[in-house]
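# Understanding the architecture of this molecule
The residues making up each chain are set out below.
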Amino acid sequence: TRYNARANRYVAGTRWGTATQIETDNTGHAGYPSIAMDSSGNAIAVWGQSDGTRNNVWANRYVAGSGWGTAVLLENDNAGDASPGPVVMDANGNAMVAWSQSDGTRTNAWASRYVAGTGWGTATLIETDNAGDVSIPSIALNASGHAAAVWHQSDGTRTNIWANRYNAGPGWGTA
């Protein structure tokens, strides 16, 4: 009936476990998964999933020894479709994800940060150049909690590469 988001864990010497469904929204298909793991074996999975009207960005956290938690919707702009980029995680369990999302007029670059022990922060618009659509966001995170995001963005004539930097504390800069 629909594609679901599932995960499985490989343990050295034990082999693969049993696949686990990590989302419970049965309205529409799930796809475009990305996963990252910290040095303790905890992981965060991110995927896109349709709610029957538009595609949204979801995440779920795996805690080593406990299993998967409850899926969390990362974005809340229901004007248009969202498409997740990769999720990245540092050794301490903090994570970042970037995605592209339509506001009904154009597609913009967004990001959200996961802080171990606190959870996901509010989705943040990381670019404000409304000349054209954003696509193919990517993100990197270092051990100090600083991140960099890059994406393609049309200016109406050509496609350019844009970037923004996240500094732990003050947050995102200017694209």
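Everything below is about the structure printed above this text.
Residues numbered from 1 in each chain as written. Predicted model: local features only at pLDDT ≥ 70, side-chain atom pairs only at ≥ 80, totals over all residues. Heavy atoms only, no water.

## Looking at the overall build of the chain
- In terms of helices and strands, the chain carries zero helices and 18 strands.
- Compactness check: the chain gives a C-alpha radius of gyration of 16 Å against a globular reference of 16 Å for 175 residues, within 12% of the reference.
- Buried residues in the chain amount to 42% of all 175 residues.
- Considering only intrachain contacts with a sequence separation of at least 6, the fraction spanning at least 24 residues in the chain is 35%.
- On the chain, roughly 9,100 Å² of surface is accessible, and the fraction owed to carbon and sulfur atoms is 48%.
- Of the side chains in the chain, 10 bear a positive and 13 a negative charge, and the two mean positions are spaced by 10 Å. (Helix = DSSP H or I, 4+ residues; strand = E, 2+ residues; numbered from the N terminus. Rg over C-alpha atoms; globule rule 2.2 N^0.38 Å. Buried < 20%, exposed > 50% of the residue type's maximum accessible area, 1.4 Å probe, protein only. Contact = heavy atoms within 4.5 Å. Areas by Shrake-Rupley, 256 points an atom, 1.4 Å probe, with all protein chains shown as cover. Lys, Arg positive; Asp, Glu negative; His and termini not counted. Charge placed at Lys NZ, Arg CZ, Asp CG, Glu CD.)

## Quick notes on the nonpolar core
- Judged by nonpolar contacts, the single largest core of 15 residues is most densely connected at Ile44, Val46, Val87 and Trp99.
- Mapped onto this core, the elements with two or more residues apiece are strand E6 (43–50), strand E7 (55–63), strand E10 (82–89), strand E11 (95–102) and strand E12 (107–115).
- Contacts of Val87, omitting those with residues within four sequence positions, involve Ser34, Ile35, Ala36, Ile44, Val46, Ala95, Met96 and Val97.
- Within the second largest apolar cluster, 14 residues are counted, among which are Val88, Ala109, Ile126 and Tyr166. (Core = buried A, V, L, I, M, F, W, Y, C linked by side-chain atoms within 4.5 Å.)

## Some details on the packing of aromatic side chains
- Scanning the entire structure with this criterion turns up four aromatic pairs.
- Residues Tyr114 and Trp120 carry aromatic rings whose centres are separated by 5.4 Å and whose planes lie at 65° to one another, so their mutual orientation is edge-to-face. (Phe/Tyr/Trp six-rings, centres within 6.5 Å; stacked < 30°, edge-to-face > 60°.)

## Notes on the environment of Ser135
- With respect to the helices and strands, Ser135 occurs in strand E15 (residues 134–141).
- Distance in space between the C-alpha atoms of Ser135 and Thr159 is 9.7 Å, their sequence separation being 24 residues.
- Contacts of Ser135, omitting those with residues within four sequence positions, involve Trp151 and His152.

## Structural notes on the sheet that holds E15
- One open sheet accounts for four strands, arranged E15-E16-E17-E18; its pairing is antiparallel. Edge positions in the sheet fall to E15 and strand E18 (171–172), since each has one partner strand and no second.
- In this sheet, strand E17 (residues 159–167) lies alongside strand E16 (residues 147–154) in antiparallel orientation, the contact comprising eight bridges. Pairing of Trp151 across the sheet is with Trp162, part of E17. (Pairing = 2+ DSSP bridges.)

## Concerning the side chain of Gln101
- For Gln101, the position within the fold is in strand E11.
- Overall, Gln101 belongs to the buried group, its relative accessible area being 1%.
- A polar contact is formed between the side chain of Gln101 and the side chain of Glu75, at a distance of 2.9 Å.
- At 3.0 Å, the side chain of Gln101 and the side chain of Trp99 are in polar contact. (Polar contact = N/O pair within 3.5 Å; in protein donor to acceptor, adjacent residues only side chain to side chain.)

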